[in-house]
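Coordinate analysis (summary)
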Amino acid sequence: LLAASLALLLSSILVLRLSGGVDPAAVYDQYFEAYPDYITKMSVGNTDSNLRSGMLAYNQENWSEVVVQLPQVSEQNPYYYLTRIYLGISYLKQDQEALARSSFQQVIDQGPKKLKGNGYWFLGMTQLKQGKTEAAISNLETAATMDSAREATLREIREALEQVKD
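Residues numbered from 1 in each chain as written. Predicted model: local features only at pLDDT ≥ 70, side-chain atom pairs only at ≥ 80, totals over all residues. Heavy atoms only, no water.

As a packed pair, helix α6 (residues 80-93) and helix α7 (residues 97-110) sit with axes 7 Å apart at the nearest point and diverge in direction by 160°. The angle between the axes of α6 and α7 places the two elements in the roughly antiparallel class. In the packing of α6 onto α7, the handedness of the crossing is left-handed. In this structure, α6 uses Tyr80, Tyr81, Arg84, Ile85, Leu87, Gly88, Ile89, Tyr91 and Leu92 to contact α7, whose residues at the interface are Glu97, Leu99, Ala100, Ser103, Phe104, Gln106, Val107 and Gln110. (Axes fitted to C-alpha atoms, helices over the stretch in contact; angles between N-to-C directions. Helix = DSSP H or I, 4+ residues; strand = E, 2+ residues; numbered from the N terminus. Parallel < 35°, antiparallel > 145°, perpendicular 65-115°, else oblique. Left-handed = near helix turned anticlockwise from the far one by under 90°. Contact = heavy atoms within 4.5 Å.)

Take helix α8 (residues 113-129) next. Along its 17 residues, α8 runs 25 Å from first to last C-alpha, staying within 8% of the 24 Å computed at 1.5 Å per residue. With 14 of 17 residues buried, α8 lies mostly within the body of the structure. In the segment just after α8, glycine 131 is the residue with positive phi, at about 85°. (Expected span 1.5 Å × (residues − 1). Buried < 20%, exposed > 50% of the residue type's maximum accessible area, 1.4 Å probe, protein only.)

Here the focus is the packing of aromatic side chains. Across all of its chains, the model carries 9 aromatic pairs by this definition. Ring centres of tyrosine 28 and phenylalanine 32 lie 5.2 Å apart, and the angle between their planes is 40°; this geometry places the pair in the tilted category. When its relative accessible area of 10% is taken as the criterion, phenylalanine 32 is described as buried. Centroid distance tyrosine 80 to tyrosine 81: 5.0 Å. Interplanar angle 80°. Geometry classified as edge-to-face. You can call tyrosine 80 buried: its relative accessible area is 6%. Members of the aromatic cluster, joined through ring pairs, are Tyr28, Phe32, Tyr35, Tyr38, Tyr58, Trp63, Tyr86, Phe104 and Phe122. Sitting above the plane of the phenylalanine 122 ring, arginine 150 keeps its charged end 5.9 Å from the centroid. (Phe/Tyr/Trp six-rings, centres within 6.5 Å; stacked < 30°, edge-to-face > 60°. Lys NZ or Arg CZ within 6 Å of the ring centre and 35° of its normal.)

Another point: the pattern of salt bridges. Taken as a whole and judged by the stated rule, the model has 4 salt bridges. A salt bridge links glutamate 141 to arginine 158, with the nearest nitrogen and oxygen atoms 2.1 Å apart. Within this pair, whereas glutamate 141 is found in helix α9 (residues 133-146), its partner arginine 158 is found in helix α10 (residues 151-165), the two being separated by 17 residues in sequence. Judged by relative accessible area, arginine 158 falls into the partly exposed class, the value being 34%. Close ionic contact of arginine 150 with aspartate 147 constitutes a salt bridge, the shortest N to O distance being 4.0 Å. Note on arginine 150: relative accessible area 14%, which makes it buried. Look at aspartate 147 and you get partly exposed, because its relative accessible area is 31%. Beyond isolated ion pairs, a larger network of salt bridges with shared partners links Asp95, Glu97 and Lys129. (Salt bridge = Lys/Arg side-chain N within 4 Å of Asp/Glu carboxyl O.)

See the structure below:
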């Protein structure tokens, strides 16, 4: 798996060099990964039907159903801010960047510290998709300082974006 990932990365870099670069949205397409579902396992026994339905839809990549169900999850639900991340990703997958930014910003502004890094990461990815490279890198850097596991991906994104400038 590691060899395949490395081969894919190297071939992507070669394509970038041969094609004269790509736009930031293409870099987003290459590096965006949806957030894994942590809620379903953690929320066993939670009686919120919107939460259950929304996460089922998320796992089925039924983005339009996610944006119907998850906004109805109450702020009193212990998974509320985590649902804002899933909701933002679902908006992003439907090209509703303004709503995605709002969801991620809510996590950054009001969510628990352990989720803020994810808010910054996905806000940065949203900005990258929109071509707002400087703002994107700033938010991705903030996320990487909060979660060192993101540093390698940030480095790869920077390298890909450098190809855009060349």
